[in-house]
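One-letter residues, chain by chain:
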Amino acid sequence: MSQALARTARIPRLSRFGWLMALYAENHARLIRLFSPENLQAGSYLSSIGDGLDLRLDVIETHRYTVELRLTYDICDPLTGEPDPSAFVRLYRDALQAEATHCYVGRRWQDVIGLYPPPAEVISHRMRMNTFLGKWLEYLAEQGHGVATLRPVDAVRRDVA
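Asks: Looking at this structure, I do not really get the overall build of the chain. What am I missing?
Replies: In terms of helices and strands, the chain carries 5 helices and 6 strands. For the chain, the α and β elements follow one another from N to C terminus as α-α-β-β-β-β-β-α-α-β-α. Across the 161 residues of the chain, 38% fall into the buried class. Partitioning the intrachain contacts of the chain with sequence separation of at least 6 by distance along the chain shows that 53% fall at a separation of at least 24. Just so you have it, the chain exposes about 9,900 Å², and 56% of that area is on carbon and sulfur atoms.

Asks: Help me understand the pattern of salt bridges, please; the structure alone is not making it clear to me.
Replies: Between side chains of opposite charge, pairing is possible as soon as their charged atoms come close. Applying the stated rule across the entire model yields 8 salt bridges. Close ionic contact of Glu99 with Arg126 constitutes a salt bridge, the shortest N to O distance being 3.1 Å. Residue Glu99 is located in strand S5 (residues 97–104), and its partner Arg126 is located in helix H4 (residues 119–143); the two are separated by 27 residues in the primary sequence. Glu99 sits in the buried class, given a relative accessible area of 9%. Note that Arg128 and Glu121 form a salt bridge whose closest N and O atoms lie 3.6 Å from each other. Judged by its relative accessible area of 44%, Arg128 falls in the partly exposed class. Judged by its relative accessible area of 29%, Glu121 falls in the partly exposed class. Salt bridges sharing partners connect three or more residues here, namely Glu68, Arg90, Glu99 and Arg126.

Asks: What is the right way to read the packing of aromatic side chains from this model?
Replies: Per the stated rule, a full pass over the model turns up 2 aromatic pairs. A centroid spacing of 5.5 Å and a plane angle of 55° characterise the contact between Tyr73 and Trp136, whose relative ring orientation is tilted. Of this pair, Tyr73 sits in strand S3 (residues 66–73) while Trp136 is found in helix H4, placing the two residues 63 residues apart along the sequence. Across the pair, exposure class does not vary: Tyr73 and Trp136 are buried alike. Three or more aromatic residues joined by ring pairs form one cluster here, namely Tyr73, Phe132 and Trp136.

Asks: Can you help me understand H4 in this one?
Replies: Note that an α-helix has 3.6 residues per turn; residues three or four places apart therefore point the same way. With 25 residues, H4 extends 36 Å between its outermost C-alpha atoms, agreeing within 8% with the 36 Å of an ideal straight helix rising 1.5 Å per residue. Taken together, the buried positions of H4 are occupied by Ile123, Ser124, His125, Met127, Met129, Asn130, Leu133, Gly134, Trp136, Leu137 and Leu140. Gly144, located one to two residues past H4, shows a positive phi value of around 110°.

Thresholds applied
Residues numbered from 1 in each chain as written. Predicted model: local features only at pLDDT ≥ 70, side-chain atom pairs only at ≥ 80, totals over all residues. Heavy atoms only, no water. Helix = DSSP H or I, 4+ residues; strand = E, 2+ residues; numbered from the N terminus. Buried < 20%, exposed > 50% of the residue type's maximum accessible area, 1.4 Å probe, protein only. Contact = heavy atoms within 4.5 Å. Areas by Shrake-Rupley, 256 points an atom, 1.4 Å probe, with all protein chains shown as cover. Salt bridge = Lys/Arg side-chain N within 4 Å of Asp/Glu carboxyl O. Phe/Tyr/Trp six-rings, centres within 6.5 Å; stacked < 30°, edge-to-face > 60°. Expected span 1.5 Å × (residues − 1).

Shown next, in the form of structure tokens:
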């Protein structure tokens, strides 16, 4: 066996599932750093940075070990009336992971991968969703969104009225 082959044989390989779990961990770190959602009460929050494109963070439900969230811009798709883009996220407090459970970017998951997809297709779809979430969180941080710009929707409406 050549020396190069012996060296590559010792390099551990990361499975697609392992890669997905690493994405979940990165997304958790980004989300915690950006909005600290584990400290928020259930309700709706807006992050406004003055660019006319407010980010909406809905804390749907908080449980002992998880927090259910939805991230979206405060605009709707004119065809469906649904917020777009939108990501539903489950934050696992104990495992330090954040998983995009589904995204609405024009289509539902059933339209993308079918009702009974093979496991490899499910992993690929989850990788795409969570890569999207990671890039979106990075973009939001670069734009200046964060804990300092986050306010409850009721407080924002009182200020406008």
